[in-house]
Amino acid sequence: MSERPGTLADDSENDPFGGRRLTSHERMSGKPWDASYSDGPAPWDIGRPQPAIVRLASTGAFAGAVLDAGCGTGENALLVASLGLPGLGPVLGVDVAETALEIAREKATRKKVNNREIKVEFAAADAFQLERLGRRFQTVLDCGLFHSFDSEEQPRYVASLASVTEHDGTVYVLCFSDQGPNTGPHPVSQETLRAAFNPGNGWNVVAIEPDRVHTRFHGDNGAPAWFATIKRIQTAGMGGPK
Ligand SMILES: C[S@@+](CC[C@H](N)C(=O)[O-])C[C@H]1O[C@@H](n2cnc3c(N)ncnc32)[C@H](O)[C@@H]1O
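For the structure given in this document, a descriptive report is provided here. Given the structure is predicted, the values throughout are model-derived calculations rather than measurements. Just so you know, the residues in each chain are numbered from 1, in the order the chain's sequence is written. Given that the model is predicted, a residue must reach a pLDDT of at least 70 before its local features are reported, and side-chain atom pairs must reach 80 or more before they are shown or counted; all residues, however, enter totals for whole chains, interfaces and linings.

### A short note on the overall build of the chain
Okay, so step 1: Along the chain, the regular secondary structure elements total six helices and nine strands.
Okay, so step 2: Radius of gyration: over C-alpha atoms. The globule rule applied is 2.2 Å multiplied by the number of residues raised to the 0.38 power. Against the compact-globule benchmark of 18 Å for 242 residues, the chain has a radius of gyration of 17 Å, which places it among compact chains.
Okay, so step 3: By principal-axis analysis of the C-alpha atoms, the chain measures approximately 50 × 50 × 40 Å.
Okay, so step 4: Counting other C-beta atoms within 10 Å of a residue's own tells you its class, since 20 or more makes it buried, 12 or fewer makes it exposed, and anything in between is partly exposed; those C-beta atoms are placed from the backbone. Taken over 242 residues, the chain has a buried fraction of 39%.
Okay, so step 5: A pair of residues counts as a contact when their C-beta atoms, built from backbone coordinates, are within 7 Å of each other. Taking as baseline every contact in the chain between residues at least 6 positions apart, the subset at least 24 positions apart corresponds to 70%. Note on conventions: DSSP H or I runs of at least 4 residues are helices, E runs of at least 2 residues are strands, and numbering of each starts at the N terminus.

Set out below in structure tokens:
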């Protein structure tokens, strides 16, 4: 096996990381993300959509093609796809954890609205290489992914998001916040969000509201969170909308 730092590149048959660069979380834990799903529900996998996403969806905020980046077992993507919202395009959930994707696909086959299967797709993809999808999205959801990345990864992830978000499209980020007691792991500050998504790299942070992220270990009220609404904008020198 040839190894570059932070990668397990060439032994793809036995490589639980699929040849991609390891994330900071995987380096710290020594395990692929997939391992979180192999032994019962992961700590964040609450078996229902996050209440903040349910609320958001009820406002009709999901429009056009939708990407759920780091979709896990698909609860949020399944909710969005099942609402039959006017103007909603295809819903795609992506993750690096194959076990989570299998669970998500299985849920999708069981979920019916008006006796019809809902239209949602789950695919393996690396959030750092979203341009490889060859698709663009009007709405992107990040529920618990941004906060898992360190300061070196965040700009690479945001650039990857930029490559697939339509001009004037919206990214919603729900992440652990650094405010209040009982914070989740890797809490994020408002400043971190504003630095990652800024006008210089083609983003306008429209709002960052306090919210909650529910987990299997934070009790009924969940953990403090930020809910960020971020628009993709065009900046000088970026050329016209594609
Ligand atoms: C905290 S979990 C949140 C899962 C889901 N959004 C939810 O709310 O249940 C983060 C998810 O991001 C996935 N993930 C981590 N790094 C990723 C990457 N580079 N590309 C795609 N997915 C990734 C993990 O496998 C995991 O499913």
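### Considering the site of the ligand
Okay, so step 1: In this analysis, residues qualify as near a molecule or strand once their C-beta atom, positioned from backbone atoms, comes within 6 Å of it. Taken together, 21 residues lie around the ligand, and Trp 33, Gly 70, Gly 72, Ala 127 and Gly 144 are the ones closest in.
Okay, so step 2: Gly is put with the polar residues, along with every residue not named as nonpolar or charged; the nonpolar set is Ala, Val, Leu, Ile, Met, Phe, Trp, Tyr, Cys and Pro, and the charged set is Asp, Glu, Lys and Arg. When the residues that make up the shell around the ligand are grouped by side-chain class, the tally is 11 nonpolar, seven polar and three charged.

### Some points on the packing of helix H2 (residues 51-58) against helix H3 (residues 75-82)
Okay, so step 1: An axis is simply a line fitted to the C-alpha atoms; with a helix, the fit covers only the stretch in contact. Between two such axes, the angle follows the N-to-C directions and lies from 0 to 180 degrees. One way to put it is that H2 packs onto H3 with a least axis distance of 10 Å and a crossing angle of 20°. Taken together, the axes of H2 and H3 lie roughly parallel to each other. Taken as a pair, H2 and H3 cross one another with a handedness that is right-handed. Judged by residue contacts, Ile 53, Val 54 and Ala 57 of H2 engage Asn 76, Leu 79 and Val 80 from H3.
Okay, so step 2: For the contact of H2 with H3, the per-class residue count stands at five nonpolar, one polar and no charged. In these notes the angle categories are as follows: under 35 degrees is roughly parallel, over 145 is roughly antiparallel, 65 to 115 is roughly perpendicular, and the rest is oblique. Crossings are sorted by hand: turned counterclockwise from the far helix by less than a right angle, the near helix makes the crossing left-handed, and turned clockwise it makes it right-handed.

### Topic: H3
Owing to its 3.6 residues per turn, the α-helix aligns residues three or four sequence positions apart on the same side.
Okay, so step 1: Counting buried positions over the eight residues of H3 gives seven, a clear majority of the element.
Okay, so step 2: When H3 is considered as a whole, its buried residues turn out to be Glu 75, Asn 76, Ala 77, Leu 78, Leu 79, Val 80 and Ala 81.
Okay, so step 3: Buried positions along H3 lie against H2, strand E1 (64-69), strand E2 (88-95), helix H4 (98-110) and strand E6 (137-143).

### Some points on the sheet that holds strand E9 (residues 223-232)
Okay, so step 1: In this description, strands pair whenever DSSP reports at least two bridges between them. Ordered in space as E5-E2-E1-E6-E7-E9-E8, the seven strands form an open sheet in which the pairing is mixed. Two strands lie at the open edges of the sheet, namely strand E5 (121-124) and strand E8 (203-213), each paired on one side alone. The sheet shows a mean angle of 20° between the axes of neighbouring strands, taken without regard to direction.
Okay, so step 2: The pairing of E1 with E6 spans four bridges and is parallel. Bridge pairing in E6 links Asp 68 to Leu 141.
Okay, so step 3: Contacts between H4 and the sheet are confined to E2 and E5, with E5 contributing the most and set at about 170° to the helix.

### What to know about helix H5 (residues 153-162)
Okay, so step 1: Listed as buried for H5 are Tyr 157, Val 158, Ser 160 and Leu 161. Along the long axis of H5, the arc covered by the buried residues comes to 155°, so they all point the same way.
Okay, so step 2: Looking at the packing, one finds that the buried side of H5 touches E6, strand E7 (165-176) and helix H6 (190-196). Directions from the helix axis toward the C-beta atoms define the arc.

### Description of unusual backbone geometry
Okay, so step 1: Although it is not a glycine, Asp 168 adopts a positive phi angle of roughly 70°.
Okay, so step 2: When you line up the elements, Asp 168 lands in strand E7.
Okay, so step 3: The phi angle at His 186 is positive, at roughly 55°, despite the residue not being glycine.
Okay, so step 4: Within the element layout of this structure, His 186 appears in the loop between E7 and H6.
Okay, so step 5: What makes His 186 partly exposed here is the crowd of 16 C-beta atoms within 10 Å.

### Looking at the environment of Val 164
Okay, so step 1: Checked against the element boundaries, Val 164 lands in the loop between H5 and E7.
Okay, so step 2: A count of 24 C-beta atoms within 10 Å places Val 164 in the buried class.
Okay, so step 3: When the C-alpha positions of Val 164 and Leu 78 are compared, they lie 21 Å apart, and in sequence the two are 86 residues distant.
Okay, so step 4: When neighbours within four sequence positions are excluded, Val 164 is seen to be in contact with Leu 67, Leu 130, Glu 131, Leu 133, Arg 135, Arg 136 and Phe 137.

The values reported here are purely geometric and, on their own, carry no functional implication.
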